[in-house]
Structures are given as structure tokens and as C-alpha cells.
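# Per-entry structural report
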Amino acid sequence: PNRQVVVTYLERLSPEKHARLARLMDKSDAGTLTSAERAELKRLGREVDEMLLANSKSLAQAMRPELFDSRGQPVRHRLRGAARQSVRRSPVARRRSK
């Protein structure tokens, strides 16, 4: 069989930051965050968001390199074309059109 292996490295929170985030989220749910903890939770949330975005881009570049230029920047018209093709192939889109 013709198989292609793609390796990409994903960012993760350190175990310490992950544990701290979980504690802060628990305190937030309980309504017991101090203002300093609220700021820390917001900062950690931004860090997680940035990490998710970087991981998503890394996976997209690994799986669909033709959608990116030589500097690793997405090429908008290629992304739009790929999105249109994806929608046309989607089982949900096919059901809606029937």
C-alpha cells in the first residue's frame, strides 16, 4: 500500500500550567477567584488560544502544504477554493441540496 507518514509537533501546556489552569477554572466555577487569579486565568486562556491556533496551522501545513506559500503563510485564494471544495463534498451539504 502507498502510505505517507507526516510528523508534526504540537505545543502543549506544561503539566504545572495545566494543573494551575484546572485549579483556576474550578475556582472560577465556584465564584471564588480573586482579581489576581482572574487576570492569571485570562492570561493562561490567551496562551491556550495561541497554542491551539499554532497547532491548527501546523496540522494544516502538514496535511495541505499546497495551501501555504514558501514562508508558511496561508494563500487566501487557495484556502477559499479548498473550503468551497470541502463544502461540496460534505455529506451535510449534499443532504441540504436534495
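Residues numbered from 1 in each chain as written. Predicted model: local features only at pLDDT ≥ 70, side-chain atom pairs only at ≥ 80, totals over all residues. Heavy atoms only, no water.

## Let's talk about a positive patch on the surface
- A surface patch of positive charge is lined by Arg76, Arg80, Arg84, Arg88 and Arg89.
- Position of arginine 80 relative to the elements: it lies in helix 3 (residues 76-89). (Patch = residues over 30% accessible without salt bridge, like charges linked within 9 Å, V, L, I, M, F, W, Y side chains within 5 Å. Areas by Shrake-Rupley, 256 points an atom, 1.4 Å probe, with all protein chains shown as cover. Salt bridge = Lys/Arg side-chain N within 4 Å of Asp/Glu carboxyl O. Lys, Arg positive; Asp, Glu negative; His and termini not counted. Charge placed at Lys NZ, Arg CZ, Asp CG, Glu CD. Helix = DSSP H or I, 4+ residues; strand = E, 2+ residues; numbered from the N terminus.)

## Quick notes on the nonpolar core
- Grouped together as the largest cluster of nonpolar side chains are seven residues: Leu13, Leu21, Leu24, Leu33, Leu41, Leu44 and Met51.
- Of all elements in the fold, only helix 1 (15-30) and helix 2 (35-63) reach the threshold of two or more residues within this core.
- With three residues, helix 2 is the largest single contributor of residues to this core.
- Aside from chain neighbours lying at most four places away, what touches leucine 41 is Leu21, Leu24, Met25, Ser28 and Leu33. (Core = buried A, V, L, I, M, F, W, Y, C linked by side-chain atoms within 4.5 Å. Buried < 20%, exposed > 50% of the residue type's maximum accessible area, 1.4 Å probe, protein only. Contact = heavy atoms within 4.5 Å.)

## Considering the side chain of glutamate 37
- Structurally, the position occupied by glutamate 37 is in helix 2.
- Overall, the relative accessible area of 13% leaves glutamate 37 in the buried class.
- In this structure the side chain of glutamate 37 is engaged in a polar contact, spanning 2.8 Å, whose partner is the side chain of lysine 27.
- What glutamate 37 contacts, discounting residues up to four positions off in sequence, is Arg20, Leu24, Lys27 and Thr32. (Polar contact = N/O pair within 3.5 Å; in protein donor to acceptor, adjacent residues only side chain to side chain.)

## So, the layout of surface pockets
- Each pocket or cavity is described by its volume, and for the largest pocket that value is around 170 Å³.
- For the largest pocket, the full set of lining residues is Glu11, Arg12, Leu13, His18, Leu21, Val48, Met51, Leu52 and Asn55.
- Looking at the lining of the largest pocket, the elements that each hand over two or more residues are helix 1 and helix 2.
- Take the lining of the largest pocket: its biggest share by element is four residues, from helix 2. (1 Å grid on protein atoms, 1.4 Å probe; cavity = no way out; pocket = protein on both sides within 12 Å on 5 of 7 lines; lining within 4 Å. Points joined across faces, edges and corners; volume = space filled by probe spheres on them.)

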